[in-house]
Amino acid sequence: MGDLDGSEVSKHNTAQDCWVVIHGKVWDVSDFLDEHPGGANVLLKLAGQDATTSYDAVHDPELVSGTLASGCYRGNLKSGSLPQQSEVDAVSLKEQSREQYPPLGAIVSVDDFEKVAKTYLTPTGWAYYSSGAEDELSLIDSRRLFQKIAFRPRVLRRVEPVNASTRILGLPSSLPLYISPTGLGRYAYRDAESVLARAAGHEGVIYCMPTTAAQEAVFGSRVSPQQPLFFQLYANRDREKTRALLRKAEDLGAAAIFVTVDSPVLGRRERDDRLKVADGELLSTGVAKTSSAGLLNPLLTWEELDWIRSITPLPVVVKGIQTVEDAVLAHSHGVQGIVLSNHGGRSLDTAQSPIITLFEIRKHAPHLLSDEIRETFQVFLDGGIRRGTDVLKALALGVSAVGVGRPFLYALTNDYGEKGVRRLVQMFRAEIETNMALMGARCLDELVPEMVNSERAERDVSRRIKL
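Residues numbered from 1 in each chain as written. Predicted model: local features only at pLDDT ≥ 70, side-chain atom pairs only at ≥ 80, totals over all residues. Heavy atoms only, no water.

## Brief notes about helix α6 (residues 110-120)
Looking only at α6, the buried set comprises V110, D112, F113, V116, A117 and Y120. The arc enclosing the buried residues of α6, seen along the axis, measures out at 160°, which places them on a common side. Seen from the open side of α6, the exposed residues pointing more than 90 degrees away from its buried face are K115 and K118. (Buried < 20%, exposed > 50% of the residue type's maximum accessible area, 1.4 Å probe, protein only. Helix = DSSP H or I, 4+ residues; strand = E, 2+ residues; numbered from the N terminus. Arc of directions from axis to C-beta.)

## Description of the confidence of the model for the protein
When the pLDDT values of the protein are averaged, the result is 90; 91% of them are 70 or greater. For residues 86-97, every residue scores under 50 in pLDDT, and the model assigns this stretch 16 contacts once sequence neighbours within four places are set aside. (pLDDT = per-residue confidence, 0-100. Contact = heavy atoms within 4.5 Å.)

## A short note on the environment of L233
Tracing the sequence through the fold places L233 in strand β10 (residues 229-233). With a relative accessible area of 0%, L233 lands in the buried category. Here the alpha-carbon distance between L233 and D3, two residues 230 residues apart in the chain, equals 38 Å. Contact partners of L233, with chain neighbours within four places excluded, come to T211, T242, L245, L246, I257, F258, V259, T260 and I308.

## Some thoughts on the packing of aromatic side chains
All chains considered together, the criterion is met by 11 aromatic pairs. Residues Y129 and Y187 carry aromatic rings whose centres are separated by 6.1 Å and whose planes lie at 70° to one another, so their mutual orientation is edge-to-face. Residue Y129 is located in helix α7 (residues 123-130), and its partner Y187 is located in the loop between β8 (177-179) and α9 (192-203); the two are separated by 58 residues in the primary sequence. Classification of Y129 as buried rests on a relative accessible area of 2%. Plain terms: the ring middles of F230 and F258 are 5.0 Å apart, the flat faces sit at 25° to each other, and that makes the pair stacked. Of this pair, F230 sits in strand β10 while F258 sits in strand β11 (residues 256-260), and the two are 28 residues apart along the sequence. Both residues of the pair, F230 and F258, belong to the buried class. R346 extends its terminal NZ or CZ atom over the ring of Y128, reaching a point 4.8 Å from the ring centre. (Phe/Tyr/Trp six-rings, centres within 6.5 Å; stacked < 30°, edge-to-face > 60°. Lys NZ or Arg CZ within 6 Å of the ring centre and 35° of its normal.)

## Here we look at the side chain of E193
Considering the arrangement of structural elements, one finds E193 in helix α9. Here G185 takes part through its backbone nitrogen, which lies 3.5 Å from a polar atom of the side chain of E193. (Polar contact = N/O pair within 3.5 Å; in protein donor to acceptor, adjacent residues only side chain to side chain.)

## What to know about the nonpolar core
A general feature of soluble globular proteins is that nonpolar side chains tend to end up buried together. Among the nonpolar cores identified, the biggest contains 101 residues, and F113, Y207, I338, I355, V402 and L447 are the most heavily contacted of them. With near-sequence residues (within four places) excluded, I355 lies in contact with L145, F146, I149, L381 and L397. Membership of the second largest hydrophobic core comes to 15 residues, among which are C18, V20, I22 and V29. (Core = buried A, V, L, I, M, F, W, Y, C linked by side-chain atoms within 4.5 Å.)

## Notes on the sheet that holds strand β14 (residues 378-382)
The strand order around the closed barrel formed by eight strands is β8-β9-β10-β11-β12-β13-β14-β15, and the pairing between neighbours is parallel. When the angles between neighbouring strand axes are averaged without regard to direction, this sheet yields 30°. Bridge analysis of strand β9 (residues 206-209) against β10 gives three bridges, and the strand direction is parallel. Each residue of the ladder has a partner; that of M209, found in β10, is F231. (Pairing = 2+ DSSP bridges. Axes fitted to C-alpha atoms, helices over the stretch in contact; angles between N-to-C directions.)

## Topic: helix α11 (residues 239-252)
Taking 1.5 Å per residue, 14 residues should reach 20 Å; α11 reaches 20 Å between its end C-alpha atoms and fits that length. Every buried residue of α11 is accounted for by T242, L246, A249 and E250. For α11, the arc enclosing every buried residue in end-on projection is 100°, short of the 170-degree limit, so these residues lie on one face. Those residues of α11 that are exposed and aimed more than 90 degrees away from the buried face are K241 and D251. For α11, the secondary structure elements touched by its buried residues are α10 (215-220), β10, β11 and α14 (302-311). Sitting at the head of α11, D238 places a side-chain oxygen 2.9 Å from the backbone nitrogen of E240. (Expected span 1.5 Å × (residues − 1).)

## Regarding the pattern of salt bridges
Between side chains of opposite charge, a pair can form when the charged atoms approach closely. In the structure shown here, the tally under the stated rule is 18 salt bridges. A salt bridge links K248 to E216, with the nearest nitrogen and oxygen atoms 3.1 Å apart. Separated by 32 residues along the polypeptide, K248 in helix α11 and E216 in helix α10 bring together distant segments of the chain. The exposure class assigned to E216 is partly exposed, which follows from its relative accessible area of 47%. For R442, the salt bridge identified is with E446, shortest N-O distance 3.8 Å. Of the residues examined, E446 reaches a relative accessible area of 26% and is grouped as partly exposed. (Salt bridge = Lys/Arg side-chain N within 4 Å of Asp/Glu carboxyl O.)

## Description of the pairing of β9
With burial as the criterion, each face of β9 is covered, one bearing I206 and C208 and the other bearing Y207 and M209. Relative to β9, β8 runs parallel, the two being bridged by two bridges. Across the sheet, the residue bridging to I179 is Y207, located in β9. The β-α-β motif built from β8, the intervening α9 and the parallel element β9 has right-handed crossover chirality. The β-α-β motif built from β9, the intervening α10 and the parallel element β10 has right-handed crossover chirality. (Right-handed = clockwise from strand over helix to strand, strands pointing away.)

## Points about the packing of α11 against α14
For the pair α11 and α14, interaxial distance at closest approach is 11 Å and the crossing angle is 40°. By the angle between their axes, α11 is oblique relative to α14. In this structure, α11 meets α14 at a crossing whose hand is right-handed. Listed contacts from α14 to R239, T242, R243, L246, R247 and E250 of α11 are E304, W307, I308 and I311. The residue inventory of the contact of α11 with α14, partitioned by class, reads four nonpolar, one polar and five charged. (Parallel < 35°, antiparallel > 145°, perpendicular 65-115°, else oblique. Left-handed = near helix turned anticlockwise from the far one by under 90°. Nonpolar A, V, L, I, M, F, W, Y, C, P; charged D, E, K, R; others polar.)

Pasting the structure below:
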């Protein structure tokens, strides 16, 4: 099969005959238009053109070859015969005026990183990272509830030295937090997942890589072969695909599997959708739906979870527990941990905050938080963490560690990259250690429920719980 000239490719630019070029390969997507999760118009706008730039903004390089049949491949593009699509987006404009952004040394909080990200990212990137479902009430609620919890610090205690290290699923971590899996890191920084893995290794914390990341590249970015990485799993409808994904993660050295269960279907993220409508789409799908194509599984059940446990020797953590009833069920199914999470407020709007689920567990199933059970089962919390004080409140109330997601994406922007991620970890470290001393605790074991006043927040706990 010889190389195709760009003049030939450009002729195939209709709905009946639609070719696109991705990374130098020519693909016939005519029969795929109606199946494309982002809608046919996305592809038609690029018909007969080099679509690599737009493709890379949303997809991993190998997705196209794994999605389209081999018969759709028409050959390679003759070098230089077709100009690559030109995109003038917010990022390129920011590159021309970088001086408007603060130097990394001037960033002192998560909110500082977020302010930079909001103006640095493209409108599409910002909407995808920051938005929640529908009215975004769940998104707002997670932070609000942390602010309603107050400390009850103890005084006249020896608080030197302070040690914030812990063990997560038996693995050492310099802090009681891990970096949560997040999609489309490339909006913030090229090879974002590899950068996050490397920065986590240097700082002694654990990164949970997303399902969609280039696994070999991420594992290859570790600072040493001994650096632990967790792997997020969206269980595929096809069990053999799930099995293959798990085998690959195991072979590369994953230390645990985090199975995401709180998104059987995609939540309606209206901020994301509006951008597509503004771009001329009559039936909006948004970048979130495009990026999640093939990931979500509305047939996932507890029986499927049992099957996943049966085919992997790795610890299994259920990510997305939103009630005490399901927390108890998860433990009875023999998993090694749960993550209290409502998917960052991105799935079901008005779903209760993870901290409320923690209150439910404290009241109705406190044995899940006991010291005796932590050797075999740990409870984590993910959602609304923006300060070291948030981390300490969650730990005092019984969780083993917390996950932090969006802030690490923000820390990558403005070309801060690995240095930005490491600065964010160091900021959390300083806040956690300083506030532990101010609370009267030298180590995490000394953080106890009596050190927080959560009564105002606990008023939101349901009275309709049935176990």
